[in-house]
Structure formats: structure tokens, C-alpha cells
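# Fold and contact review
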There are 2 protein chains.
Amino acid sequence: MAKTWHELIQELQFGSVLALSRLITRVENREPGWIDAMQQIYPKTGNARLIGITGSPGTGKSTLTGQIARFLVSLQKKVGIIAVDPSSPFSGGAILGDRVRMTDVSDLPDVFVRSMATRGALGGLNQSARDVAKIMDAFGKDYILIETVGVGQDEVEVVRTADLVMVVCVPGQGDGIQAIKAGIMEIADLFVVNKADLDGADQVVADIQSMLDMGLEITPAPIFKTVATKGERIDELVTETLTLLQKQNRKESWLEDRTREELIGLVSKEMVDIVKTNWKRNGQLDDAVRKIREGKSDPYSVVQKILVPLIDAFK
Amino acid sequence: MAKTWHELIQELQFGSVLALSRLITRVENREPGWIDAMQQIYPKTGNARLIGITGSPGTGKSTLTGQIARFLVSLQKKVGIIAVDPSSPFSGGAILGDRVRMTDVSDLPDVFVRSMATRGALGGLNQSARDVAKIMDAFGKDYILIETVGVGQDEVEVVRTADLVMVVCVPGQGDGIQAIKAGIMEIADLFVVNKADLDGADQVVADIQSMLDMGLEITPAPIFKTVATKGERIDELVTETLTLLQKQNRKESWLEDRTREELIGLVSKEMVDIVKTNWKRNGQLDDAVRKIREGKSDPYSVVQKILVPLIDAFK
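Computed from a predicted structure; not experimentally measured.

So, on to the side chain of T148 of chain B. Residue and element names in this part refer to chain B. Relative to the helices and strands, T148 resides in strand β4 (residues 143-149). Among the residues examined, T148 registers a relative accessible area of 1% and is labelled buried. Within the local environment of T148, its side chain forms a polar contact with the side chain of T54, the two groups lying 3.2 Å apart.

The structure is reproduced here in C-alpha cells:
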């Protein structure tokens, strides 16, 4: 018989990795009882620090994330990794070596890796990642690394509420600056120019520097050059990261904003899920689709009719 | 006095570009009456073909999009461009030359460019782009080019329902394949290897080819090498695109799926908007945030309380 939520939460507190994994899956799948479970898990959270690691595809984020985890483990820290990797049905996930490299890391003691492939989950990626982070936090992780591609709006949202955001750039990606223009400059607490043994690394540093000079930050984000594949300067990067995290005192207003956003995200995701499941289940959706295809209705009329009771319910 | 919706829709049909622009803005802002307006606009749509153009930052998508538009205009076609470009508050939008290049194109007769910068609009990007496409369609555009970065899940959704999807790659972006792994392989009807005058272009073609060989497509997507900045092979690319569009007969089941998705997207966006505006307006959200910050409540309890009436309303 499948374990109860209560059993899993108890085992989570006793350090069962299997319970951690199962809880995450059940919450992700929104199995009945998930919301009660999260209510029980919530008071046990608050210890872990979230580090967002973001950058374009091909910047070596996964390798860097792995190296950071490795170094944190050498400092006796417990590490969780959330890899938000839009999957391709072509391959059932990441195509090249990421997964292999990640597996290397997850073999380390005290590193738990969770790969999230929620392609198509409208607006749900962000919230799902937060749920996973909370469960890892309650499990006792000290640091949770969230790795995302830094170009999608949902993906940017995922890291935006992290305690520290690391933006990874790399020499030779088109214009250099192009790769970092996608709304992530302003959320970066720290820049990493990875693959710094390639030509053009100093140019990327200079590009970032000049963009930072254009901004109004009092303490501009530091820039680090690393070669993740060789582990070069990972120690400095992690040390600085931990220092920044220690010094950092997010203002109460920032924390309130994060809570506000978390609530809106949570409600929105649930509402969308309700639309998807209930609407499909009762056949209304198929009726509407048929009428539209037959030219007897249009999407806007359908939506208007559906929203009226919802708006009333929410007033 | 501001024009009425009715006036704007009439002017739209008489070919007023100003009316087109204003209608888009009003619908994007969800000004009162927008849903009635879209109901009136809907029956006038159905002529335009949507072409999705997607790829990582730095692949030269904007230049390519501009060149495609230019060539379509030379064929006496009316073109709309929707540029979905996650903006950065750093710059109030795209940082480098995109906007300039786009302006060049929008000076052409019969090209209308709309830039969308909806950073942070949870799940709304997709729906907003669809609304804009519908209004352009009703205006009389023959082809609508939707340009997005191809790595975010929301951004992938935007092009997924286009009549034809073009995936743009470029030599020298990390692993080559890395850049195209993000769930877009399977939605590509056509690949473009842009900047094909750079070293490694043939390798990218080979990489794509070998990925296609792994797939189960009966007619694999063709691959084109272009140099958008010089206009090289744009003519062939556009000709093939138009041929593909002509041959293509989306199945009724595909069209039904698209309508279904459109409806879910539309309802979801509206629901999320309702949460955001109503919840903020009546002070409930701030109350909830305060209680959570004071440790007297948790997000999951708040959400549960809010969702109960919504679920009832939707049953």
C-alpha cells in the first residue's frame, strides 16, 4: 500500500531521501491531500538559502552548478539542485551530457538533484519549483541551487525570488551582450563569465561592466571568470557567494513582495489547473471547441460566459 | 474624446494603421469592452498565416525576420511582425540594435511591427500574442511573423500554434545542439542555420540532420543556410516557406487542439488577471501577506480558503 502523506512527512524529517523524492512527485502531481501536506511542511522551512543560476543554453550552467554543489559539499553543506530544463519529447529530456554530469553530482553524499521538465505547464513552472524548494528546505538542505535557462519569462521568474541570483555568460555567443539582455541584468547579484579560457572572455567582462556602469546600483554585482569543466576559480566564486548571502539583508518590503508573488503564483497555478481539469472533465470544453470550429461561436463569447460566475465568486 | 471601440473597428476595416495600433494597445491593456471588441473582430479573421520564428538570443532572428518581411513585401504581401522580446528595465526594452533594425522594416509599406514586452505576465504572453495576431489578421495582413526566443516555455508556446514554425540556429553557440534542445525540435517545420558564413555552419546542419534522423518524422523538416545580414538565400527560404504553407493541411484534430488550447489560454489569463486585480483591490492580499510574514498563517492555507468558492463556481 502506498504510504500516507503523514508517513512520508515523518520520514522526511528522519532524513529519508526516498520520502523526499516521493513527496516532491506527489506535490508536483497535485495528488489529493497535497495542500494539507504543504501546510505541514511549511513550518519546517526557512533554513535553506536559494541560489538561482541562470544563463543562455550552452553557457555550461549544468557543469558550473555541479561544481558549486561539489564545493559546498566539501564545506560539509547539504545541497539540493533543481534543474529546470525544458524537455524535448525527442529525447525524453536533455539531449546531451547534462544528465550524465548531473548524475555524477547526485552520487555525492548530501546532494539531491531534481530535474523539472514541465514544458507546457502554463505559468506553473515557477510555482512548481518553489514547492520543490520548500520540500528540500524542510528536508534539511542548506543550499538549494536552481538552474534555469535565463531567457524565458517563466524561467526568469523562477530565479527572481532566489536569495541570490548568479547570471552565467560565456565568450563567443553572438554579440555577447545579446545573451544577457533578456531581463536578467537587473536581477543579477553576481555574474559568472564561464569558459573563461576561451578567446573573448575579457571582452564579455568589459561588456557586463559597461552595462553595470549604465545602471544605478550602489554596489554593482561582482563578476567572476571561471572554467567550470576544470573547476577553475569555483572556490573563489562559492566563497564570495556565501559572503554575499551572509551580508545580504533583504528588506522587509522585499520579503513581503516575495510572499505576495508566491501567493499570486500559487493561486494562479491552482486556478489554471482547475480550468484544465474541471472544464475538460464535464465536456463543456469539447462542446465549446465544436461550436467554434463550426462557426457557431467564438472564443471570446465562450470565455465571457465562463468568467462571469468566477468574477462573482472572487468579489 | 477617445474613439469608441466601434469607431476603431470600423477604421481598422478601412485600413487605418492608427486604429490597428490603438486596438492592439486597448486589448492588451484589457480596457473595458475589449472582449466585445474581440467578438466583433473574430469573424473577420482567418485569412492570415502565422509564421513562428524562434531561436536562442544572438542567432540573428530579428534581422532574419526583417529580411523575410522585406521579401514578402516584394511579393506584394501585407506583413505583420510580432516581436516577443523580454524587456529589460535597464534599457526599457531591447538593448542593442534590434529595435533600430526593426524600425527599418516598419518603414516599409505594408509592414506593421508590434513589439511585446510582457515580462512577468504569468502565462499571459502567449494569449496576448494571439490577440495581437487576430487583430492584425482582421486588418488584412497576409502573413504574420511572430519572433520569439526559443528557450522559454511560454515563448515556445507562443510559436507552437503558428501555421509554420521556423527554428533558427547559428554556428558557434556552445555545443550547437545545446541551443536547440529546448523543446523546439519537435515543433520545427523548417530549420534555418543563420550566419552561415561563419565557421561551423555545416557542422550545425549535420547536428540538426542527425537529430532529425533520430526522430520519427515521415517528412523531416528542411534545413536552410542563410546570411540574414547580407540577405543571402532569403528568397529560397521564403519560397520554400510559402510552398510548405500551401501544401500543409493541418488536420481537423490539430485545429481542434489549437482551439482548445486557445480557450484554455484565454480563460487562464483572464482568471489570473482577476486574481491579481481583485485580490489586490480589496485588501485581502495584503492581509494575507501580513499574516504569513507574522507567522500566523502560511501560503497554502490562504490559497485553500480562496480556492473553495472558485472550485464551486466552476463545477
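Once that is clear, we can look at the pairing of strand β5 (residues 164-169) of chain A. All names here are of chain A. Burial analysis of β5 places 6 of its 6 residues in the buried class, which makes it a mostly covered element. By the alternation rule, side chains of β5 split into L164, M166 and V168 and V165, V167 and C169, which are all buried. As defined by bridge partners, strand β1 (residues 49-55) adjoins β5 across 5 bridges and the pair is classed as parallel. Counterpart to G52 in the pairing with β5 is V165. Where β5 meets strand β6 (residues 190-193), 4 bridges bridge the pair, whose relative direction is parallel. Paired with V168 across the two strands is V192, which belongs to β6.

All right, on to the packing of helix α11 (residues 284-293) of chain A against helix α10 (residues 252-281) of chain B then. Closest axis-to-axis distance for the α11 of chain A/α10 of chain B pair is 9 Å, and the angle between their directions is 115°. The interaxial crossing formed by α11 of chain A with α10 of chain B has right-handed handedness. Side by side, α11 of chain A and α10 of chain B meet where L285, D286, A288, V289, I292 and R293 of chain A of the first sit next to E252, L255, E256, T259, R260, L263 and I264 of chain B of the second. Tallied by class, the residues present in the contact of α11 of chain A with α10 of chain B amount to 7 nonpolar, 1 polar and 5 charged.

All names here are of chain A. A sheet is described by the order of its strands in space; here 7 strands give the open sequence β3-β2-β4-β1-β5-β6-β7, paired in parallel fashion. Edge positions in the open sheet fall to β3 (111-116) and β7 (223-225), since each of these has one partner strand only. Each strand of the sheet is rotated relative to its neighbour by a mean of 20°, with strand direction disregarded. Judged from the 3 bridges that link them, β6 and β7 form a sheet pairing that is parallel. The residue bridging V193 from the neighbouring strand is K225, located in β7. On the sheet, helix α4 (residues 61-74) packs against β1, β2 (79-84), β3, β4 (143-149), β5 and β6 and is oriented at approximately 175° with respect to β4. Each of β5, β6 and β7 touches helix α8 (residues 201-214); the most contacted strand, β7, lies at about 175° to it.

This next bit is on unusual backbone geometry. With a phi angle near 55°, K195 of chain A is a residue other than glycine that sits in the positive phi range. Within the fold, K195 of chain A resides in the loop between β6 and α8. For K195 of chain A, a relative accessible area of 23% corresponds to the partly exposed category. Its identity as a non-glycine residue notwithstanding, R233 of chain B has a phi of 65°, on the positive side.

Let us now look at the environment of G66 of chain B. Turning to its location among the elements, G66 of chain B is positioned in helix α4 (residues 61-74). Among the residues examined, G66 of chain B registers a relative accessible area of 5% and is labelled buried.

In the structure shown here, the tally under the stated rule is 32 salt bridges over all chains. Measuring nitrogen to oxygen at the nearest pair gives 3.8 Å for the salt bridge that ties R49 of chain A to D163 of chain A. Of the two residues, R49 of chain A sits in strand β1 while D163 of chain A sits in the loop between α7 (153-160) and β5, which places them 114 residues apart along the sequence. For K3 of chain B, the salt bridge identified is with E11 of chain B, shortest N-O distance 2.7 Å. Under the relative-accessibility criterion, K3 of chain B is labelled partly exposed at 32%.

Attention now goes to the environment of I41 of chain A. Residues and elements named next belong to chain A. Inspection of the secondary structure assignment puts I41 in helix α3 (residues 34-41). Counting along the chain gives 32 residues from I41 to I9, while the straight-line C-alpha distance between them is 7.4 Å. Leaving out residues up to four positions away in the same chain, I41 has contacts with I9, L23, K134, I135 and A138.

This brings us to the environment of D273 of chain B. When you line up the elements, D273 of chain B lands in helix α10. Sequence spacing of D273 of chain B and R30 of chain B is 243 residues, and the spatial spacing of their C-alpha atoms is 9.5 Å.

All names here are of chain A. All of the buried residues along helix α1 (residues 5-13) are W5, L8, I9 and L12. Relative to the axis of α1, the buried residues are bounded by an arc of 100° and lie together on one face. Looking one or two places after α1, you find G15, whose phi comes out positive at around 90°.

Inspection of every chain in the model, using the stated rule, returns 4 aromatic pairs over all chains. Where Y300 of chain A meets W34 of chain B, the ring centres are 6.1 Å apart and the plane angle is 90°; that geometry is what we call edge-to-face. Placement of the pair is Y300 of chain A in helix α12 (residues 299-314) and W34 of chain B in helix α3 (residues 34-41), with the two residues belonging to separate chains. Judged by its relative accessible area of 1%, Y300 of chain A is buried. Aromatic rings pair up to connect W34 and Y42 of chain A together with Y300 of chain B into one cluster. The ring of W5 of chain A carries R26 of chain A above its face, with NZ or CZ at 5.5 Å from the centroid. Taking the ring centre of W34 of chain B as reference, the NZ or CZ of R30 of chain B above it sits at 3.7 Å.

Definitions and limits used
- Residues numbered from 1 in each chain as written.
- Chains lettered and ligands numbered in written order.
- Predicted model: local features only at pLDDT ≥ 70, side-chain atom pairs only at ≥ 80, totals over all residues.
- Heavy atoms only, no water.
- Helix = DSSP H or I, 4+ residues; strand = E, 2+ residues; numbered from the N terminus.
- Buried < 20%, exposed > 50% of the residue type's maximum accessible area, 1.4 Å probe, protein only.
- Polar contact = N/O pair within 3.5 Å; in protein donor to acceptor, adjacent residues only side chain to side chain.
- Pairing = 2+ DSSP bridges.
- Axes fitted to C-alpha atoms, helices over the stretch in contact; angles between N-to-C directions.
- Left-handed = near helix turned anticlockwise from the far one by under 90°.
- Contact = heavy atoms within 4.5 Å.
- Nonpolar A, V, L, I, M, F, W, Y, C, P; charged D, E, K, R; others polar.
- Salt bridge = Lys/Arg side-chain N within 4 Å of Asp/Glu carboxyl O.
- Arc of directions from axis to C-beta.
- Phe/Tyr/Trp six-rings, centres within 6.5 Å; stacked < 30°, edge-to-face > 60°.
- Lys NZ or Arg CZ within 6 Å of the ring centre and 35° of its normal.

So, to be careful, I would describe these as geometric facts and stop short of saying anything about function.
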